[in-house]
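Notes for the structure review
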Amino acid sequence: MELCDLTALELTRLLRQKKTSAVEILTSTLQHIGQVDGRSGALDATVTDEDKEKVHSFITLTDEMALKQASAVDADLAAGKDPGPLAGVPFTVKDIFCVKDTPSTAASRILANFKSPYTATAVERMQAAGAVMVGKVNLDEFTYGSSTESSAFQPSTRNPWDTAHVPGGSSGGSAASVGAGEVPLSLGTDTAGSIRQPAAFCGVVGVKPTYGRVSRYGLIAFASSLDCPGPVARTVSDAAAMLQVIAGADPHDSTAATTAVPDYLSKLEGGVKGMRIGLSPDYFRITFPDPKTGELQEQALPKEIEASVRHAADVLAAMGAEIVEEVPMPNTRYGIPVYFVISRVEAASNLHRYDGVKYGLRTKQPYTDLRQMYKLTRNEGFGLQPKLRILMGMYVSAAQYSEQYYQRALKVRTLIRRDFETVFDPAGSYRLDALLTPTTPTTAFEMDAVYGDTVLMQYADQLTVPANHAGVPGLSLPGGLDEKELPIGIQLLGADYCEQKLFQIGRAYEQATENEAWRRIKPRVLR
Amino acid sequence: MSEQITPEIFDHLVDLAALELDAGQAEYLRKQLNNQLKAIRELEAIPLGENIPISLHGVPYAAAESAALREDEWHLYPDAKDILAQAPQLENDTIVVPDIPHTTLK
């Protein structure tokens, strides 16, 4: 077993026992990246057949900076100083976070030349904990998508389980870099499921914390009332250790909650005895637009995915959890329509800052005045997905349509929130500790199969987005493989700031299923 | 059902958004907008009582969980040159803004 095969907690333990060094871990990591990743994403690159066999997690490999950080960790250890709880652990960062002196592109041409003058709080906390950033990874442009295909930096990331399939998105580079064994940890963001959906597709653990649990300072904004930074990891324990480091109040972000961060690791092995875990029929029905008419149709969840969730329920019941069936979540199906409105309004507002004046791209074409420069710059700099979001956001928030769309969507968001409040109410009828659901309505789809149909692509997030509207935490973890040997994700949703319970349940499930046959199958790029 | 976003409405939105699209982009984007509005239309059928408030955030902002506002004090940014270095056009450490168009009101 190579160093790069170990979990974050195993690595940092070996380091403290002086059985390895941070530089040795980094060397093993960079060698493995060289074997499986292929070339990094770049503007105007043509994808070749050779590219289609590789993962392409990265936009920027920061190996020199990583070597300095790893050497500093080793120096601290040698001097008898505490190098931090994640000392020597390599991690990647979704390229939507600003990191000082590195390109911070948002996978967009308009920010391709932008070098951030400061570092995001979540990244700074990882580095302060001794973790070593090895690079910035690919995503959908400005996080707008569920497959990573919309990145301006090609080749876009491919699924390590089968490179003909998408890794999910928008944190596709994060999930693929962990799934392909390149790093044990990655920092992603989740606005509608952008951590949990790619985690499910790539067979790894992904956490959307409670809104406000992790600071958004230094995160290039998509939809400010929905965006949540969070961990992508190989195991629940590693995800808990990472959230422990990045969570907490931040004077730079007034929306970061001041609620104390509990010790996630101390109760991780506490088991599920006596916990009430719900199953909702509203998460076993899915909605998809008819490919010909565009009309929305309800379908049953694919049998393999439903079977994985029900198997997980059986496993948890055998360990002493009480499974509560028929939990009503009646507003689940409105998650995507509400998201189409709210996220677009917030995105349009956030995208107006890219104007070719203060930073980023400015057109090289001749222009006569400021407004013409804006138009030329934004036309060259934005891909189709940002343009679409600006236009939709402006339409549904226009004075004459606001009541019909935006105000209505904000009220339906209240109903979605109430669904969660009802089932998690400790004095209510259901008194759930967690809701157990599938993470995604399908396993990873093929590259190019959905891209371009923005409605169909959005419905890939239909089982994850309600948690974003409600602000509650969600954890996706591997729950099996389908007949094509593609990962199936199962999701745990909890009440505000109850990440600890989700970790505890997820860890119990991991332990109970560690000898199941599917856990011995590796992603194809690792075989 | 007729298209909600007609070519005229679309062109107006494009202008407001300070974009400039070629014909292929415009056709694709207008089609996708209309398709998305079909999905959004599902919201119209939901019975909403008069007393349902809007939610701007999922998690409520209780005072106990919110940071106090910082004092309104200015601080010198230590690396102003790093910020200026990102500007597409500089003159004497000042960001250059192209001429602003003027319209004479009647």
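Before any of the text, the structure's been laid out above.
Here is a short report on the structure shown in this document. Quick caveat: nothing in here was measured; it's all calculated off a predicted structure.

All names here are of chain A. Ranked by size, the top nonpolar core spans 141 residues in total, and within it Phe142 and Leu436 carry the most contacts. Discounting chain neighbours no more than four positions away, the residues touching Leu436 are Ile277, Gly278, Leu279, Val309, Ala312, Ala313, Leu316, Ile490, Gln491 and Leu492. Core analysis: the next-biggest nonpolar cluster, separate from the first, contains 29 residues, Ala66, Val132, Val134 and Ile195 among them.

Before going further, it helps to spend a moment on the interface of chain A and chain B. Taken together, the contact between chain A and chain B spans 81 residues of the former and 59 residues of the latter. Its largest share of buried area at the contact with chain B, chain A owes to Leu391, Tyr395 and Arg408 of chain A, together 11% of the area lost on that side. Our count for the contact surface shared by chain A and chain B stands at 4 salt bridges. Across the pair Arg371 of chain A and Asp15 of chain B runs a salt bridge whose closest N-O atoms are separated by 3.8 Å.

A few words now on the environment of Thr191 of chain A. Residue and element names in this part refer to chain A. With respect to the helices and strands, Thr191 occurs in the loop between strand E4 (185-190) and helix H6 (196-202). Taking the C-alpha atoms as reference points, Thr191 and Lys208, separated by 17 residues in sequence, lie 8.7 Å from one another. Discounting residues that sit within four places of it in the chain, Thr191 has contacts with Phe222, Ala223, Leu226, Asp227, Tyr339 and Asn468. Among the polar contacts made by the side chain of Thr191, one reaches the side chain of Asp227 at a distance of 2.6 Å.

Let us look at helix H11 (residues 384-396) of chain A. Between the first and last C-alpha of H11 of chain A there are 18 Å, a value that for 13 residues agrees with the 18 Å anticipated at 1.5 Å per step. Most of H11 of chain A sits inside the fold, with 12 of its 13 residues counted as buried. Turning to H11 of chain A, its buried residues are Gln385, Pro386, Lys387, Leu388, Arg389, Ile390, Leu391, Met392, Gly393, Met394, Tyr395 and Val396 of chain A. Against the buried residues of H11 of chain A lie helix H9 (335-351), helix H10 (370-381), helix H12 (403-424) and helix H13 (454-458) of chain A together with helix H1 (7-16) and helix H2 (23-40) of chain B.

Each value, and the rule that gives it
- Residues numbered from 1 in each chain as written.
- Chains lettered and ligands numbered in written order.
- Predicted model: local features only at pLDDT ≥ 70, side-chain atom pairs only at ≥ 80, totals over all residues.
- Heavy atoms only, no water.
- Core = buried A, V, L, I, M, F, W, Y, C linked by side-chain atoms within 4.5 Å.
- Buried < 20%, exposed > 50% of the residue type's maximum accessible area, 1.4 Å probe, protein only.
- Contact = heavy atoms within 4.5 Å.
- Buried area = accessible area lost by both parts, 1.4 Å probe.
- Salt bridge = Lys/Arg side-chain N within 4 Å of Asp/Glu carboxyl O.
- Helix = DSSP H or I, 4+ residues; strand = E, 2+ residues; numbered from the N terminus.
- Polar contact = N/O pair within 3.5 Å; in protein donor to acceptor, adjacent residues only side chain to side chain.
- Expected span 1.5 Å × (residues − 1).

Function cannot be read off these values alone, since they describe shape.
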